[in-house]
Amino acid sequence: MNRNEATKRFHDDGALADLIDESQPVELPTPDTDVPMVSRSVRLPLETYERVRAAADARGIGVTTLMRQWIEAGLAELDDSATVSLADVRRALAALSRPTAA
């Protein structure tokens, strides 16, 4: 049964319970965290979104996960109590040790 048929049936005879009984069970995705999450919409320019998606793909993670990591890192900078990943420290040190063009 498609959406239009279901809507017509609902309005014609009000048999919502029958309609639900006829439907197939659906597997819901398993949450990737035990922490309750809040969904928010963010509008991004297409080019920015594509860059974020490419960065997430390169890391083998989802776009939402990468955005959450970036937000958490930005907030951590505000409170001076966060830990820094060893990879970030190494990148910063490598950038400092490179000779600059004069």
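Residues numbered from 1 in each chain as written. Predicted model: local features only at pLDDT ≥ 70, side-chain atom pairs only at ≥ 80, totals over all residues. Heavy atoms only, no water.

(A) Geometry of the overall build of the protein. Looking only at helices and strands, the protein features five helices and zero strands. Each helix and strand of the protein, ordered N terminal to C terminal, gives the series α-α-α-α-α. A total accessible area of about 9600 Å² is found for the protein, and carbon and sulfur atoms account for 55% of it. (Helix = DSSP H or I, 4+ residues; strand = E, 2+ residues; numbered from the N terminus. Areas by Shrake-Rupley, 256 points an atom, 1.4 Å probe, with all protein chains shown as cover.)

(B) Region of the structure containing a nonpolar patch on the surface. Residues Val 84, Leu 86, Val 89, Leu 93 and Leu 96 make up a contiguous nonpolar surface patch of about 510 Å² in total accessible area. For Leu 93, the position within the fold is in helix 5 (residues 86–97). (Patch = residues over 30% accessible without salt bridge, like charges linked within 9 Å, V, L, I, M, F, W, Y side chains within 5 Å. Salt bridge = Lys/Arg side-chain N within 4 Å of Asp/Glu carboxyl O.)

(C) Just the nonpolar core, in detail. Core analysis: the biggest nonpolar cluster contains five residues, these being Val 52, Ala 55, Ala 56, Val 63 and Leu 66. Elements with a contribution of two residues or more to this core: helix 3 (46–59) and helix 4 (63–79). Top element by residues in this core is helix 3. It accounts for three residues. Leaving out residues up to four positions away in the same chain, Ala 56 has contacts with Ile 61, Gly 62, Val 63 and Leu 66. (Core = buried A, V, L, I, M, F, W, Y, C linked by side-chain atoms within 4.5 Å. Buried < 20%, exposed > 50% of the residue type's maximum accessible area, 1.4 Å probe, protein only. Contact = heavy atoms within 4.5 Å.)

(D) Structural view of the pattern of salt bridges. On inspection of all chains with the given rule, the structure shows one salt bridge. Residues Asp 88 and Arg 91 are paired through a salt bridge, measuring 2.3 Å at the closest nitrogen-oxygen approach. Taken together, the residues Asp 88 and Arg 91, both in helix 5 and three residues apart, mark about one turn of the helix.

(E) Spatial organisation of the confidence of the model for the protein. Mean pLDDT over the protein works out to 82, with 83% of the residues at or above the 70 mark. Taken element by element, the protein is modelled with least confidence in helix 2 (residues 16–22), mean pLDDT 68, and with most confidence in helix 3, mean pLDDT 96. (pLDDT = per-residue confidence, 0-100.)

(F) Molecular detail of the packing of helix 3 against helix 4. Direction vectors running N to C along helix 3 and helix 4 enclose 95°, while the axes themselves pass 9 Å from each other. Comparing their axes, helix 4 and helix 3 come out roughly perpendicular. Listed contacts from helix 4 to Tyr 49, Val 52, Arg 53, Ala 55, Ala 56 and Arg 59 of helix 3 are Val 63, Leu 66, Met 67 and Trp 70. By residue class, the composition of the contact of helix 3 with helix 4 is eight nonpolar, no polar and two charged. (Axes fitted to C-alpha atoms, helices over the stretch in contact; angles between N-to-C directions. Parallel < 35°, antiparallel > 145°, perpendicular 65-115°, else oblique. Nonpolar A, V, L, I, M, F, W, Y, C, P; charged D, E, K, R; others polar.)

(G) Structural view of helix 5. In this model, helix 5 (twelve residues) spans 16 Å end to end at C-alpha, consistent with the 16 Å of a helix rising 1.5 Å per residue. Taking burial as the measure, the twelve residues of helix 5 include zero buried ones, a minor fraction of the element. (Expected span 1.5 Å × (residues − 1).)

(H) Structural detail: helix 3. Helix length check: helix 3 (14 residues) gives 20 Å between terminal C-alpha atoms against 20 Å at 1.5 Å per residue, within 8%. Within helix 3, burial applies to Val 52, Ala 55 and Ala 56. One face of helix 3 carries all of its buried residues, which in axial projection span an arc of 100°. More than 90 degrees from the buried face of helix 3, the exposed residues found are Leu 46, Glu 47, Arg 51, Asp 57 and Ala 58. In this structure, the buried residues of helix 3 make contact with helix 4. Just beyond helix 3, the residue with positive phi is Gly 60, at close to 70°. (Arc of directions from axis to C-beta.)

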